[in-house]
Amino acid sequence: MNIMTEKSLDDAVNAEMNARSNEIIKMRGDKVTVHYGDKQALFGVDLDVRQNQVTALIGPSGCGKSTFLRCLNRMNDTIDSASVGGKITLDNEDIYDPKIDVVELRARVGMVFQKPNPFPKSIYENVAYGPRIHGLAKNKAELDIIVEKSLQKAALWNEAKDRLNEPGTGLSGGQQQRLCIARAIAVSPEVILMDEPCSALDPIATAKVEELIDELRENYTIVIVTHSMQQAARVSQRTAMFHLGYLVEEGATDKMFTNPDDKRTQDYITGRFG
Amino acid sequence: MSFLLVFAIVLAIGLAAFVAGRQRARAQDDGTVKPHSRAHYHGWWAFLTGVVPAVLFLAAWDIGASAYLNSHIHSALPADVADGTVAQEDLAAGLVKSLASGLRKLDSQTLSALPSSFAELQPMLAAKGVALAPDTQDYMIPIATEANRVSDRLGMISAVVSVGLALIGVGFGLRGISPRARARNNVEKVMLWSLLGASTLAILTTIGIVLSMLFQTIAFFEKVPLSNFFFGTVWDPRFAAAGAGASEGQFGLIPLLAGTLYIAFVALLVAVPIGLMSAVYMSEYAAPKVRAVVKPALELLAGIPTIVYGIFALVTLGPFLRDISAALTGGTPFIQAQSILTAGLVMGVMLIPVVSSLSDDIITAVPRAMRDGSLGLGATRSETIKRVILPAALPGIVGAILLTASRAIGETMIVVLAAGVAANLTLNPFEAMTTITVKIVNQLTGDLEFNTPQTLVAFALGITLFALTLVMNIVALYIVRKYREQYE
Amino acid sequence: MTDISLDTLTTSAARPRRDIGIKKRYAAERRFRLYGVLAIAVGLAFLGVMLTSIISKGYTAFWQTTVTLAINFDEKVIDPSNKRATDPNVLITANYPKLAEAALIEKLGIDPNDKAEVRKLKGFLSDSSRVQLRAIVAADPSVIGTTRNVDILAAANMDSAFKGQIDLEVPESRRKVSDQQVEWMNKLKAEGVMAEHFNTGLFSYGASSRPETSGVGVALIGSFYMMVIVLLLALPIGVAASIYLEEFAKKSRFTDLIEVNINNLAAVPSIVFGLLGLAVFINFLGLPRSASFVGGLVLTLMTLPTIIIATRAALAAVPPSIRSAALGLGASKMQMVFQHILPLAAPGILTGTIIGLARALGETAPLLLIGMVAFVADYPKTPFDPATALPVQIYMWANEAERAFVERMSGAIIILLIFLMAMNIVAIVLRRRFERRW
Ligand SMILES: Nc1ncnc2c1ncn2[C@@H]1O[C@H](COP(=O)(O)OP(=O)(O)OP(=O)(O)O)[C@@H](O)[C@H]1O
Ligand SMILES: [Mg+2]
């Protein structure tokens, strides 16, 4: 890329900062509680998300991983019955502050969903969607560049470059998921949330996406929900274990997988869990 | 013996068979063999073997008998009447029939010494409360008496045969009762066949629609060339001169079709944006409380019969628009009280709930993942709707609009009351145009004279309308179905 | 809890904000929302205007002005030559309106010999006094020669004037009631002789050329017959067809064809069903024209698809687990359907049926073609007698020019809407009440 866009400048800065320290807190959850109607799904979760690191959320089904993830970019706002308590900050700013704009927040904290959900539009339009609505490109040429870069970063460019005008729904499942990642990247978010991004994919596609996540860490902060212990071990630097709506423990991935503090974590990662 | 009486007797035999069959099955159950079916199934089976063949025979015989009687009366009419027009012959036959049914009210004593002139007969009948048309002729009296005799004989035969069939059937049913007899399976088989029969009624209705209109349409095109109808630009059917052959008239479809499409277009112009926007608002924005109130209100709008809309257009909106336009020009109104605008507007409002409920279904069928995907990228709700949901729903919405258009084209009462009857060809929405449906109503109300092109043309119009809407419906249903499958 | 204590960590600093056009986008958002609100407002406003317009025109139809007069059943008028014992026609053809007029003349204190004054009374009382007084005499001939108080209907124009619907500012020559008549009216009103009563006639009369004696009674009976026929035919056939399609039929070309047919029939213009009725039931099968039986058949065919679609939805909503439970206990498929599935689906079926019936009740177009647009003054005794229907009666009044008919028409619409509203509300309540989340 010989054109220095604002974004690549950003990336450079990010990389710099990453080199200096990977212990900067990007997002922080402080006693986060969530209710769905009368049912409480999260109980006072304190969790930090560190900049330029991959944080994995693990835990048995229904323990509130997705719920916590969705709090981080306020996707829970779209569920009528959901109410969120406690405090969540992004760059030290309360994201549930009335002054904060959800649209702006979600442009900074992007999301990739469990099931690939490309829009029923062309591959190009899928990726261009975010930049278009946020007005990130001044003209078609700039937009083209953003699309190309995003697809490259999502490791989809080679497969898709000749079929940019074909519908995104015509791609394979793994390609669709990478398309969704490209779509998220195209907005240049600071944080990317991924909810079981590989659960619908075969092992080869999974490997590709995992590889991709590792590369993306350089420029983005990533939070990923996964059911695969191996995946958590492979891609994440830090791991948080949830159980029944509580955060059981959180720590460096190496330590969590070799020497967890909590018995429940031990049981879960060794597969001895109900 | 009357149809109903025989029917009642057959039913009574059946019920008796039911009781007997159940009894017999119970008596046979001595506990040694496990019965296949419970006792009442045996009863029902005996009932069915008795009643079904007898009733089928009875119905078929009755239809055949009335046709036979009809031709009998026609053939007995004197030559000069039979040589007249079809209408005259039908009229005479009708008089004979009502005379015949009137005669049935008289007692046998009077019947045996029946006067031969209608003038003498009439007071006798009037005393029994039978009023007959004064142009009943003397020659009809013997024909009517004979017809009654024939129909009595036919009725007798049918009664004997049906009752006989019922008894034989019952005997067969009762004899077959044994503990291992599969009475339940038999009964259920009959039920299944009747269920199947009920579901084919939809096909029969369609066939009935097509055939009935087709025959009349063919009769129409024997009198009026195809091209005059399909390419004619003048609609001026004239009146059917009573009895006279086809009087000259012009049956151009073009002005009616143009009016139909124009009014439907205006209606869609009103209904589609408003209906679509309300559906979007209701499904994407409205708080549950608002929805709970507004949705039934919109459904109410859909439940109002179209005649009410038509009358509103005729009595209130039409005159209102005319007066407004008169006030604007300070004298002559440029909007007529019956106009394309009035009819289109009111029909449009009538269609709002149609569009909105159809598109509501379509919009809610767009998977939540689409919405989340867009919102998760930081799109606002309206951006999500405009750029993701509506494009994704587009095929379905097109289908919904087609269905609505088909409703608009086939709508009758609003245009009958609000659009006018003059078959103009105009582009000015403030003038009156007429539609296919209006003309169908016009041609078929009042005194009918079948077999004149003036009446038959209504069927040609009807089949055109049916074909038009059929194509639209099928395309629309196909699109919507494909659309739904895509997201299932 | 963590390996590094929180104090050693720094939080990231806020970055400079990107401009993503938030202000403009929210303006667009608000605009879009507004369009939605406007769209709904337009729909509801129209509903409001239409209902207001109809109710304001029609509610007065539920009142009718009458004049209470002491009628002297004068033998000299009824039977001047005293032949009623031998000739029954005398009492039928007697000049009864004259009795009413004489009573009015007396009440107003007009000189009966002043021809000019008497002529001004023309159009004050309804001519229906003929029928009314004749009925009194026929029921009890001994009334002749006595005097009785009878409520005589005011003529339509006086009725309008009494209800204040006639603008008295308009020059006398251009309105339907004269100044003298108004003066008399006020006099009678002051005496309490002329007054408005609840208009029971609206519900009992049939078609009439006089607005004051026309009503929806006959039409209601016709509509009632048709609804009964539709219910008796469409419900069982519709349910049977749905059961076959939903529970028994294997998916095949044939069932596909039926399915397409049903969906298409639901969207076929109603007037086409009228053509079918005319060609098949009347022309081919020779059933009587204008009969509610034929109307019922036509409406049955029209309503069937609605009922089938609703019933199938209701059947499909019963979860498969109930089916397997029933079959697992050794029930036959038929028993499973009739003993388990059908009762559970009943509320949904009922709702669909009521909605279908409501639609049939308001349907007009097909009935016009089978001759139900007829001037029917007598109650149909059987479904085979000439009859008309409520919406058709409304349509016929719409073609009358007189304002009093517009009043009746609007009143009839109110009655129709009340029926429909009641049916729809029952359907909505049923749906709410029995809506089951499986
Ligand atoms: N929209 C909702 N309405 C009501 N309850 C919900 C909703 N979404 C989730 N829940 C409940 O909240 C709890 C946590 O759900 P969540 O989806 O966060 O679990 P999860 O850890 O992501 O599970 P999985 O691994 O199966 O995805 C569950 O008990 C779930 O039933
Ligand atoms: Mg989850």
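Residues numbered from 1 in each chain as written. Chains lettered and ligands numbered in written order. Predicted model: local features only at pLDDT ≥ 70, side-chain atom pairs only at ≥ 80, totals over all residues. Heavy atoms only, no water.

The next thing to look at is the sheet that holds strand β3 (residues 54-58) of chain A. Residues and elements named next belong to chain A. Taken together, the 6 strands give an open sheet; going across it, the order is β6-β7-β8-β3-β9-β10, and neighbouring strands pair in mixed fashion. Every other strand in the sheet has two partners, leaving β6 (109-112) and β10 (246-252) as the edge strands with one partner each. Strand-to-strand twist of the sheet, defined as the mean angle between neighbouring strand axes without regard to direction, takes the value 15 degrees. Where β6 and strand β7 (residues 191-195) come together, 4 bridges link them in parallel fashion. The partner of G110 across the bridge, within β7, is I192. The strands touched by helix α8 (residues 203-216) are β3, β7 and β8 (221-225); relative to β8, the strand with the most contacts, the crossing angle is about 150 degrees. (Pairing = 2+ DSSP bridges. Helix = DSSP H or I, 4+ residues; strand = E, 2+ residues; numbered from the N terminus. Axes fitted to C-alpha atoms, helices over the stretch in contact; angles between N-to-C directions. Contact = heavy atoms within 4.5 Å.)

A word on the site of ligand 1. All names here are of chain A. The local shell around ligand 1 holds 13 residues, among which K39, S61, S66, T67 and H227 are the closest. Within the backbone of G64, an N or O atom sits 3.0 Å from an oxygen atom of ligand 1. Within the contact set of ligand 1, an oxygen atom lies 2.4 Å away from a side-chain nitrogen or oxygen of T67. Protein chains bury 66% of the 630 Å² of accessible surface belonging to ligand 1 in isolation. Listing elements by their share of the shell around ligand 1, those giving two or more residues are β2 (39-50) and α2 (65-72). If you tally residues by element for the shell around ligand 1, the top one is α2, at 3 residues. (Near = heavy atom within 4 Å. Polar contact = N/O pair within 3.5 Å; in protein donor to acceptor, adjacent residues only side chain to side chain. Areas by Shrake-Rupley, 256 points an atom, 1.4 Å probe, with all protein chains shown as cover.)

All right, on to the UniProt feature "transmembrane region" (unreviewed entry) in chain B then. All names here are of chain B. Within the UniProt annotation, "transmembrane region" (unreviewed entry) is assigned to residues 43-61, 154-178, 190-215, 256-280, 300-321, 333-355, 388-406 and 456-480. With 70% helix and 0% strand, residues 333-355 has end C-alpha atoms that lie 33 Å from one another. The annotated region residues 456-480 carries 100% helix and 0% strand content, and the separation between its end C-alpha atoms amounts to 36 Å. (UniProt positions renumbered as here; feature names shortened; annotations may be inferred.)

This part takes up the nonpolar core. Counting residues in each nonpolar core, the largest one holds 238 residues, and the members touching the most others are A:L151, A:I181, B:Y309, B:M347, B:L351, B:I440 and B:L461. Looking at this core element by element, the count peaks at 18 residues for helix α10 (residues 254-285) of chain B. B:M347 has contacts with B:I263, B:A267, B:A408, B:E411, B:I414 and B:V415, leaving out every residue within four places of it along the chain. Membership of the second largest hydrophobic core comes to 38 residues, among which are C:L69, C:A103, C:I105 and C:I144. (Core = buried A, V, L, I, M, F, W, Y, C linked by side-chain atoms within 4.5 Å. Buried < 20%, exposed > 50% of the residue type's maximum accessible area, 1.4 Å probe, protein only.)

A word on empty space enclosed by the protein. Counting across every chain of the model gives 3 cavities of 30 Å³ or more. Along the walls of the largest cavity sit B:L201, B:A202, B:T205, C:I262, C:L265, C:L301, C:L304, C:P305 and C:I308, which together make up its complete lining. Elements with a contribution of two residues or more to the lining of the largest cavity: α8 (183-223) of chain B together with α11 (253-267) and α13 (292-317) of chain C. Ranked by residues supplied to the lining of the largest cavity, first place goes to α13(C) with 4 residues. Taken together, the residues of the lining of the largest cavity sort by class into 8 nonpolar, 1 polar and no charged. (1 Å grid on protein atoms, 1.4 Å probe; cavity = no way out; pocket = protein on both sides within 12 Å on 5 of 7 lines; lining within 4 Å. Points joined across faces, edges and corners; volume = space filled by probe spheres on them. Nonpolar A, V, L, I, M, F, W, Y, C, P; charged D, E, K, R; others polar.)

Right, let's talk about α8(A) for a bit. All names here are of chain A. The end-to-end C-alpha separation of α8 is 20 Å, in line with the 20 Å expected for 14 residues at 1.5 Å each. Buried residues of α8: A205, T206, V209, E210, L212, I213 and L216, and no others. Take α8 and look down its axis: the buried residues cluster within an arc of 160 degrees, on one side only. Among the exposed residues of α8, those oriented more than 90 degrees off its buried face are P203, I204 and E211. Summarising the contacts, the buried residues of α8 are in contact with β3, α5 (140-153), α7 (173-185), β7, β8 and α9 (229-235). At the N-terminal end of α8, a side-chain oxygen is found 2.8 Å from the backbone nitrogen of I204, two or three residues along, and the residue is D202. (Expected span 1.5 Å × (residues − 1). Arc of directions from axis to C-beta.)

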